Amino acid sequence: MAGIWPYGDGSVGLPAAERPLFLPQRPYLPMGTLRDALVYPYGLEDGSDQVLGEALQRVGMGSLIGQMEETRLWSHTLSLGEQQRLAFARILLQKPRWIFLDEASSALDERAEGELYRLLADELPNSAIISVGHRSSLWRYHSRCLRLLGGGAWRLEDEASGDEAQLAFGRLSRA
């Protein structure tokens, strides 16, 4: 969907002028200042120290606030968990309508993961959050789950029913 995997075809449409945010397990952090890493990929109208600092504070990275203008290879400076927290700060700053998270909290413990998902739900209630992951703990932050069953089969489950009611069943094809 992000256009980075060449095997497969099809199309996914988004409303005009929408800028989705794709966050992989290991977030891309451009070489440059911490400010550059925070406003990637779209930039910000208000990239003030106060706005960026608040986002860092909210994701548990307040210790970096004084390093906004430091140029580093941040992907080698920060642990994977810290990089993932920084990526969640990007979400808060960019406020995308479509958020795709691919194992984006895998280096965090379940408590930290929950805090960040609840933060997104509170701050961006009108955004669609699509998560790909292996942790069953992710289930509680989503209302639906597309479960891939193997052999191209899938099942759409609804958390609201209380017992993973089957809403739809199908088979994926390569055609």
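**Remarks on the nonpolar core**
Within the largest apolar cluster, 34 residues are counted, with the highest numbers of intra-cluster contacts made by L38, F88, I91 and L101. Counting only elements with at least two residues in this core, the list comes to β1 (21-23), α1 (34-39), α2 (49-58), α4 (80-94), β4 (98-102) and α5 (110-123). At 7 residues, the largest contribution of residues to this core is made by α4. Not counting residues within four places of it along the chain, the set of residues in contact with L38 comprises L52, L56, M68, L86, A89, R90, L93 and Q94.

**Here's the deal with the pattern of salt bridges**
For the structure on display, the rule yields 8 salt bridges. When the shortest N-O distance is used, the salt bridge between E69 and R35 registers 2.5 Å. You can see E69 sitting in the loop between α2 and β3 (71-72) and its partner R35 sitting in helix α1, a full 34 residues away along the chain. In this structure, the salt-bridge partner of E113 is R135, at a minimum N-O distance of 3.0 Å. Note that E113 is positioned in helix α5 and R135 in the loop between β5 (128-132) and β6 (144-150), a separation of 22 residues in sequence. A relative accessible area of 1% means that E113 is categorised as buried. Classification of R135 by relative accessible area gives partly exposed; the value is 27%. A single network of salt bridges, built from pairs that share partners, joins R35, D49 and E69.

**Some points on α5**
In this model, α5 (14 residues) spans 20 Å end to end at C-alpha, consistent with the 20 Å of a helix rising 1.5 Å per residue. Those residues of α5 lying buried are A112, E113, G114, L116, Y117, L119 and L120. With a side-chain oxygen positioned 3.2 Å from the backbone nitrogen of R111, the residue opening α5 is D109.

**Quick notes on α4**
End to end, α4 covers 21 Å across 15 residues, agreeing with the expected 21 Å (1.5 Å per residue, within 8%). Among the 15 residues in α4, 13 count as buried, and that is most of the element. Two residues or fewer after α4 comes K95, characterised by a positive phi angle close to 50 degrees.

So, how was this worked out
Within every chain, residues take consecutive numbers counted from 1 along the sequence as written. Since the coordinates come from a predicted model, pLDDT governs what is reported: local features require at least 70, and pairs of side-chain atoms require 80 or more to be given and counted, while whole-chain, interface and lining totals use all residues. Each side-chain value is worked out from all heavy atoms of the structure, with water and hydrogens disregarded. Within this scheme, the nonpolar core is defined by two criteria: the residues are buried Ala, Val, Leu, Ile, Met, Phe, Trp, Tyr or Cys, and they are joined through side-chain atoms within 4.5 Å. Burial status follows relative accessibility: with a 1.4 Å probe on protein chains alone, a residue under 20% of its type maximum counts as buried, one over 50% as exposed, and anything between as partly exposed. For helices the rule is a DSSP run of H or I covering at least 4 residues; for strands it is a run of E covering at least 2, with both sets numbered from the N terminus onward. Note on contacts: a residue pair qualifies if any of its non-hydrogen atoms lie within 4.5 Å across the two residues. Any Lys or Arg side-chain nitrogen found within 4 Å of a carboxyl oxygen on Asp or Glu counts as a salt bridge. Helices are assigned an expected span. That span is 1.5 Å times one less than the residue count. Side-chain atoms alone can form a polar contact between residues adjacent in sequence; in general such a contact is a pair of N or O atoms within 3.5 Å, and within protein one must be able to donate a hydrogen while the other accepts it.

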